[in-house]
Amino acid sequence: MKTLITITVLLISIFSCADITKSNTTSNDNENPQKWKLVKISGSFANVPATTGSDMLWQEYYLLKNDNTFIKSREINKKNTEAKGTYAYKTLTDGEYLELTYESDNTLIENCTADTKELLRRNNENELAGTSIACDGPGLFYEKIK
C-alpha cells in the first residue's frame, strides 16, 4: 500500500510539472514584421476608467521581426525607452499567447513573476492583451498596425 501511494504521488508530480505548451507556432508567424501598438490602458480595479490614445499615460509598441526578435518601445513625457529580446507564439490550455523573452531585466517588462518573460494573450487576429492585470497590473491592449 505504501508503495502504491508513493508511485501515485510520483506520477502526479511528474504530470503536474509537464509543459502545458501544445504548439510553438501559429499561422501568423509568417506575417512578420508586425507592429503592435498600445491602444488602451485599463485599471485593474472596478470603477477605474480606461484611457485611450493621447490620454494614456504612455505610448508604446512592439515590433516583431522576421528573425523572431522584437523591440518594445515606450514613450513617456517625450522620453523613449526600448527593450529587446526574442519571441515565440505559444498555445496554452487557455488560449494562444505571444511569449516575449527579454535580453535582460528591464522596467518595460509587464508580468506577475519578476522574471524576463512577458505573455500577451491573443484575443483575436488583431488584438493582444497583457496579462499583468491578473496581479493588479494595468490592463494593456494592443492592436496590430497594418
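Residues numbered from 1 in each chain as written. Predicted model: local features only at pLDDT ≥ 70, side-chain atom pairs only at ≥ 80, totals over all residues. Heavy atoms only, no water.

### What about the pattern of salt bridges?
Using the following cut-off: Salt-bridge detection follows one rule: a side-chain nitrogen of Lys or Arg within 4 Å of a carboxyl oxygen of Asp or Glu. To qualify as a helix, a DSSP run of H or I must reach at least 4 residues; to qualify as a strand, a run of E must reach at least 2; elements of each kind are numbered from the N terminus. Burial classification: accessible surface area is computed with a 1.4 Å probe over protein chains only, and a residue below 20% of its type maximum counts as buried, one above 50% as exposed, and the rest as partly exposed.
Here the structure, examined in full by the defined rule, presents 7 salt bridges. The salt bridge involving K72 is made with E118; its shortest N-O contact spans 3.4 Å. Here K72 is found in strand β4 (residues 69–76), whereas its partner E118 is found in strand β7 (residues 117–124), with 46 residues between them in sequence. For E118, a relative accessible area of 1% puts it in the buried group. As a salt-bridge pair, K117 and E99 come within 3.7 Å of each other at their nearest N and O atoms. With a gap of 18 residues between them, K117 in strand β7 and E99 in strand β6 (residues 95–102) connect regions that are remote in the sequence. For E99, a relative accessible area of 18% corresponds to the buried category.

### Considerations on the side chain of K72
Here is the rule we go by: Two N or O atoms count as a polar contact when they lie within 3.5 Å, although within protein this holds only if one can serve as hydrogen donor and the other as acceptor, and sequence-adjacent residues are included solely when both atoms are side-chain atoms. Contact criterion: two residues are considered in contact whenever any of their non-hydrogen atoms come within 4.5 Å of each other.
A residue is classified by how much of its surface remains accessible, and K72, at 0% relative accessible area, is buried. In this structure the side chain of K72 is engaged in a polar contact, spanning 3.1 Å, whose partner is the side chain of Y62. For K72, the side chain forms a polar contact with the side chain of E118, separated by 3.4 Å. In contact with K72, other than residues within four places in its own chain, are E60, Y61, Y62, T81, E82, A83, Y102, L108, E110 and E118.

### Quick look at the state of the cysteines
Threshold: Put simply, a disulfide is two cysteine sulfurs that come within 2.5 Å.
Enumeration over the complete set of coordinates arrives at 1 disulfide. Here C112 pairs with C135 through a disulfide, and the sulfurs are 2.1 Å apart. Handedness here is read from the sign of the S-S torsion; for C112 and C135, about -90 degrees, the answer is left-handed. Here C135 lies in the loop between β8 (127–130) and β9 (139–145) and C112 lies in the loop between β6 and β7, a separation of 23 residues in the sequence. For C112, a relative accessible area of 42% gives the class partly exposed.

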